[in-house]
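Observations on the model geometry
As a plain string of letters, each chain reads:
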Number of protein chains: 2
Amino acid sequence: MDRSAEFRKWKAQCLSKADLSRKGSVDKDVVELVQFLNTRDQFFTTSSCAGRILLLDGGINGFEVQKQNCGWLLVTHKPCEKDDVIVALKKANGDATLKFEPFILHVQCQQLQDARILAVRSTHGLEVPLSHKGKLMVTEEYIDFLLNVANQKMEENKKRIERFYNCLHHALERETMTNLHPKIKEKNNSSYTHNKQRNPEKAHAQCITKENDKELENDDDDLGINITIFPEGY
Amino acid sequence: MDRSAEFRKWKAQCLSKADLSRKGSVDKDVVELVQFLNTRDQFFTTSSCAGRILLLDGGINGFEVQKQNCGWLLVTHKPCEKDDVIVALKKANGDATLKFEPFILHVQCQQLQDARILAVRSTHGLEVPLSHKGKLMVTEEYIDFLLNVANQKMEENKKRIERFYNCLHHALERETMTNLHPKIKEKNNSSYTHNKQRNPEKAHAQCITKENDKELENDDDDLGINITIFPEGY
């Protein structure tokens with residue numbers, strides 16, 4: 001079997017498996033993006049989260065939230081209200097922590113060159129210890145303030161998903177164009193190499209945004225996401 | 001110039017440049033690791049942080065700490081005491097946030113195969129809004145509790161750096177051995193491919209730890225770090 005057929009087989013296997021996440025389905029806010037990637041022959045997604053607010057009941061000393069012994073007191077992909085957290089905190093026995101986890105996406109690709117856009121992690125999170133051995137360490141006023149911050153991050157996160165989706169569309173359209181007109185490709189490659197040598201991490205974002213989306217030019221953080229790569233060979 | 005010579009030239013250029021970080025030097029706890037990587041022909045480091053506790057004075061609504069308008073009220077690579085934070089918080093005008101940022105390391109490599117170990121990010125952080133428009137939103141008791149958590153994370157982070165350094169040593173020694181005895185290589189590759197298909201992200205950590213370090217076998221989190229790759233071609 002050639003490499004391309006092998007990748008197709010692997011993709012089919014992975015996409016036909018049951019969704020093993022707690023939720024059991026792709027989050028609403030990234031369904032379109034995930035479906036878009038999975039229609040492309042060279043990609044498939046292996047996991048994603050649109051972004052969520054979590055309340056975890058962790059170990060006794062507030063230090064390490066180990067997966068095996070941490071309880072999920074609350075999880076939501078929508079804005080969250082103080083009362084929901086107050087009620088959930090009552091069930092905490094150990095050290096409860098409120099987290100905001102932004103958009104995350106893992107993508108497998110057939111060729112290394114496609115890995116430029118693959119796997120995305122955002123940098124704007126929250127991780128706030130709230131209780132110690134079941135005792136609340138903050139006021140209700142603080143929880144209200146904190147949820148305001150978390151909900152704003154959730155809102156901004158949604159915008160970033162949209163921007164990423166738009167940029168991805170542009171990039172893949174451009175790639176299709178490039179394949180039809182190889183001269184453009186040459187130009188792109190040299191620009192890309194230049195970015196890479198200044199800042200390898202940022203370059204990944206720039207290779208999507210810089211040339212394709214003028215509105216992002218003044219954004220210091222580009223897409224506001226880190227892009228990492230999982231080419232098929234690794 | 002061949003690819004290898006080009007990489008050497010690029011490495012020499014990068015390493016001869018002034019350190020543009022605020023601190024202006026490599027953090028003590030990662031000096032040995034950074035030096036070790038830079039002695040290898042196939043690698044060089046582009047940035048690193050051993051882990052730090054930061055207090056930032058952010059924008060007015062506590063939402064986005066933009067680099068251009070955020071003030072660093074406090075930064076330390078050592079355990080931190082409550083009074084240091086209390087004093088520093090008095091200088092806050094906006095929304096101050098306490099962060100613990102764990103070990104981070106960016107490495108460039110000459111060949112894709114070396115990228116398996118490159119660029120490391122740890123997952124155990126803290127990001128805690130403490131004040132709003134200059135007004136403290138938590139008690140001193142909470143700050144004490146929070147710093148206890150942060151300092152424990154700092155301690156754990158140090159151990160993870162040591163484990164990573166040890167694992168890296170093992171992996172590179174093994175690689176040298178493998179190059180001398182190609183039969184071992186074949187065995188390693190098949191094991192690696194198997195890991196990859198289950199979980200591409202975790203596989204990166206496992207390819208270092210799984211075979212080389214028995215003490216890590218029961219650690220659900222492997223090294224407790226995410227490994228991402230920046231091969232030279234990207």
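Please read these numbers as outputs of a predicted model, since none were measured by experiment. (Residues numbered from 1 in each chain as written. Chains lettered and ligands numbered in written order. Predicted model: local features only at pLDDT ≥ 70, side-chain atom pairs only at ≥ 80, totals over all residues. Heavy atoms only, no water.)

Some remarks on the overall build of chain A
- From N to C terminus, chain A includes six helices and eight strands.
- Along its sequence from the N terminus, chain A presents helices and strands in the succession α-α-β-β-α-β-β-β-β-β-α-α-α-β.
- Scored against the burial criterion, the 234 residues of chain A give a buried share of 52%.
- Long-range contacts, defined as pairs at least 24 residues apart, comprise 71% of the intrachain contacts of chain A with a sequence gap of at least 6. (Helix = DSSP H or I, 4+ residues; strand = E, 2+ residues; numbered from the N terminus. Buried < 20%, exposed > 50% of the residue type's maximum accessible area, 1.4 Å probe, protein only. Contact = heavy atoms within 4.5 Å.)

As for the packing of helix 2 (residues 28-39) of chain A against helix 4 (residues 140-180) of chain A
Residues and elements named next belong to chain A.
- Two numbers describe how helix 2 lies on helix 4: the axes approach to 10 Å, and their chain directions differ by 20°. With respect to their mutual orientation, helix 2 and helix 4 come out roughly parallel. The chirality of how helix 2 crosses helix 4 is left-handed. Counted together, Asp29, Val30, Glu32, Leu33, Phe36 and Leu37 of helix 2 and Lys158, Ile161, Phe164, Tyr165, Leu168, His169 and Leu172 of helix 4 form the full contact between these two elements. (Axes fitted to C-alpha atoms, helices over the stretch in contact; angles between N-to-C directions. Parallel < 35°, antiparallel > 145°, perpendicular 65-115°, else oblique. Left-handed = near helix turned anticlockwise from the far one by under 90°.)

Let's talk about the environment of aspartate 41 of chain A
Residues and elements named next belong to chain A.
- Secondary-structure assignment places aspartate 41 in the loop between helix 2 and strand 1 (43-58).
- Using a relative accessible area of 60% as the deciding quantity, one classes aspartate 41 as exposed.
- In the structure, aspartate 41 is positioned 33 residues away from arginine 8 in sequence and 7.6 Å away in space, judged by C-alpha atoms.
- Residues within four places of aspartate 41 in sequence aside, it is in contact with Phe7, Lys11 and Gln110.

A closer look at helix 1 (residues 3-16) of chain B
- With 14 residues, helix 1 of chain B extends 20 Å from end C-alpha to end C-alpha; this agrees with the ideal 20 Å at 1.5 Å per step.
- Considered for burial, the residues of helix 1 of chain B that qualify are Ala5, Phe7, Trp10 and Lys11 of chain B. (Expected span 1.5 Å × (residues − 1).)

Considerations on the packing of helix 3 (residues 82-89) of chain B against helix 4 (residues 140-180) of chain B
Residue and element names in this part refer to chain B.
- Taken N-terminus to C-terminus, the directions of helix 3 and helix 4 make an angle of 125°; their axes are 9 Å apart at the nearest point. When the interaxial angle is binned, helix 3 and helix 4 end up oblique. Regarding helix 3 and helix 4, the two cross each other, and that crossing is right-handed. Contacts between helix 3 and helix 4 involve Lys82, Val85, Ile86 and Leu89 from the former and Glu140, Ile143, Asp144 and Leu147 from the latter.
- Of the residues belonging to the contact of helix 3 with helix 4, the class tally is five nonpolar, no polar and three charged. (Nonpolar A, V, L, I, M, F, W, Y, C, P; charged D, E, K, R; others polar.)

A short note on the packing of aromatic side chains
- One pass over the full model with this rule turns up 13 aromatic pairs over all chains.
- Summarising the aromatic geometry, the rings of tryptophan 10 of chain B and phenylalanine 44 of chain B are spaced 5.3 Å apart at their centres and angled 85° between planes, so their arrangement reads as edge-to-face. Taken together, the positions of tryptophan 10 of chain B in helix 1 and phenylalanine 44 of chain B in strand 1 (residues 43-58) put the pair 34 residues apart, joining distant regions of the chain. The same class applies to tryptophan 10 of chain B and to phenylalanine 44 of chain B, which are both buried.
- Ring pairing ties together the aromatic residues Tyr142 and Phe145 of chain A together with Tyr142 and Phe145 of chain B, which thus form one cluster. (Phe/Tyr/Trp six-rings, centres within 6.5 Å; stacked < 30°, edge-to-face > 60°.)

Focus on unusual backbone geometry
All names here are of chain A.
- The residue lysine 133 is not glycine, and still its phi comes out positive at about 50°.
- Here lysine 133 lies in the loop between strand 6 (131-132) and strand 7 (135-136).
- Judged by its relative accessible area of 54%, lysine 133 is exposed.

Remarks on the side chain of glutamine 42 of chain B
- Tracing the backbone through its elements, the reader meets glutamine 42 of chain B in the loop between helix 2 (31-39) and strand 1.
- Discounting residues that sit within four places of it in the chain, glutamine 42 of chain B has contacts with Phe7, Gln108, Cys109, Gln110, Asp114, Leu172 and Glu175 of chain B.

Re the environment of valine 85 of chain A
- Along the chain, valine 85 of chain A falls in helix 3 (residues 82-89).
- Separated by 11 residues in the primary sequence, valine 85 of chain A and leucine 74 of chain A have C-alpha atoms spaced 7.4 Å apart.

Topic: the confidence of the model for chain A
Residue and element names in this part refer to chain A.
- Confidence in the prediction of chain A, expressed as mean pLDDT, is 75, and 69% of residues score 70 or more.
- Within chain A, no element has a lower average pLDDT than helix 6 (residues 200-212), which sits at 30, and none a higher one than strand 5 (residues 126-129), at 96.
- This model gives residues 61-65 a pLDDT under 50, and the stretch forms 14 contacts once residues within four places in sequence are excluded.
- Note that residues 185-234 has pLDDT below 50 and, in this model, 126 contacts with residues that lie over four places away or in other chains. (pLDDT = per-residue confidence, 0-100.)

A short note on the side chain of aspartate 27 of chain B
Residues and elements named next belong to chain B.
- Among the structural elements, aspartate 27 can be located in the loop between helix 1 and helix 2.
- Among the polar contacts made by the side chain of aspartate 27, one reaches the main-chain amide nitrogen of alanine 50 at a distance of 2.8 Å.
- The contacts of aspartate 27, once residues within four sequence positions are left out, are Cys49, Ala50, Gly51 and His77. (Polar contact = N/O pair within 3.5 Å; in protein donor to acceptor, adjacent residues only side chain to side chain.)

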